[in-house]
Amino acid sequence: TLAFSMYGAVPTFFSRRAFHSKRPSGSGKVIYLTFDDGPNAEYTGKLLDLLRLYHIHATFFSVAEFAEENPELIRRIREEGHLIGMHSCRHQDAWINLRHDTQLDFDRSLQIFDELGVHIGFYRPPWGKINLFSPSNVQRNHLHMVYWDVMAEDWRANTTSGTIARKLLRRAHENDIVCLHDGRGRNGAPARTIEALEKVLPIWIEQGYSFATLDELYENEDDETDGPTA
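The structure displayed is predicted, hence computed values, not measured ones.

Q: Lay out the nonpolar core in plain terms, naming residues and giving numbers.
A: Considering soluble globular proteins, one finds that nonpolar side chains tend to be buried as a cluster. In this structure, Leu33, Phe35, Leu51, Leu168, Leu201, Trp204 and Leu214 are the most contacted members of the largest nonpolar core, which totals 61 residues. For this core, the element with the most residues is helix 8 (residues 189-206), which contributes six residues. Non-local contacts of Leu214, meaning those with residues more than four positions away in its chain, are made with Tyr32, Thr34, Thr59, Phe61, Leu83, Phe122, Val146 and Ile177.

Q: Please provide a residue-by-residue account of the pattern of salt bridges, values included.
A: Under the counting rule described, the total for this entry stands at twelve salt bridges. The salt bridge involving Arg52 is made with Asp49; its shortest N-O contact spans 3.4 Å. One end of the pair is Arg52 and the other is Asp49, both in helix 2 (residues 44-53) and three residues apart, which spans about a single turn. A salt bridge links Arg76 to Asp49, with the nearest nitrogen and oxygen atoms 2.5 Å apart. One end of the pair, Arg76, is in helix 4 (residues 71-79); the other, Asp49, is in helix 2, and 27 residues separate them in sequence. Among the charged side chains, a network of salt bridges with common partners joins Asp49, Arg52, Arg76 and Glu80.

Q: I'd like a rundown of the packing of helix 2 against helix 8, residues and numbers included.
A: Here helix 2 crosses helix 8 at 5°, and the two axes come no closer than 10 Å. In terms of orientation, helix 2 lies roughly parallel with respect to helix 8. Contacts between helix 2 and helix 8 involve Lys46, Leu47, Leu50 and Leu51 on the former and, on the latter, Ile194, Leu197, Glu198 and Leu201. Residues belonging to the contact of helix 2 with helix 8 are distributed by class as follows: six nonpolar, no polar and two charged.

What counts as what
Residues numbered from 1 in each chain as written. Predicted model: local features only at pLDDT ≥ 70, side-chain atom pairs only at ≥ 80, totals over all residues. Heavy atoms only, no water. Core = buried A, V, L, I, M, F, W, Y, C linked by side-chain atoms within 4.5 Å. Buried < 20%, exposed > 50% of the residue type's maximum accessible area, 1.4 Å probe, protein only. Helix = DSSP H or I, 4+ residues; strand = E, 2+ residues; numbered from the N terminus. Contact = heavy atoms within 4.5 Å. Salt bridge = Lys/Arg side-chain N within 4 Å of Asp/Glu carboxyl O. Axes fitted to C-alpha atoms, helices over the stretch in contact; angles between N-to-C directions. Parallel < 35°, antiparallel > 145°, perpendicular 65-115°, else oblique. Nonpolar A, V, L, I, M, F, W, Y, C, P; charged D, E, K, R; others polar.

Listed below in structure tokens is the structure:
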């Protein structure tokens with residue numbers, strides 16, 4: 001219906017457009033690796049092992065309730081120099097959340113991360129979908145809302161690590177934000193993501209790429225308005 005579109009689809013469309021037009025451009029030959037949907041007890045530790053092997057720092061958009069269930073992984077992510085962002089409380093679709101639900105999701109998520117000792121400055125909505133009330137909650141909590149430039153559909157049940165690797169090598173370029181997943185996904189999807197990165201990371205490094213977290217991308221942005229970037 002028109003009302004449903006105005007509540008969810010239209011805000012999401014314009015938010016994504018605004019993100020791509022306003023986000024900092026970065027400098028140098030850098031890739032910003034981001035991982036959604038974790039932390040996951042089976043996969044996140046293996047991913048951290050791989051990133052540590054290549055001295056790579058990334059941004060983890062963690063689901064608050066998963067973080068609460070895996071405090072040791074959150075601690076390790078922080079201790080190894082990665083950035084933690086927020087990816088909602090329970091990975092719910094914003095299009096079915098009403099105003100009160102949306103605020104509760106933000107407030108409960110931030111409470112959980114605060115109890116874990118994590119300061120949150122970045123937010124990525126599940127599936128990249130927001131509603132009419134998401135932007136005001138982003139602004140109220142002084143967050144940057146961050147989407148992505150590149151995906152490799154690594155969550156798909158029928159994909160392979162080779163397919164993910166080829167997509168990453170073909171699609172990712174200088175100063176791109178790459179969205180991958182260290183949790184959820186079908187048929188053990190995060191394992192294939194890790195296998196793909198085992199192939200891709202040495203190639204990127206040989207090509208001269210370096211890696212950074214999103215706070216490094218946004219560090220020179222003027223924050224005087226305390227507003228969201230999307």
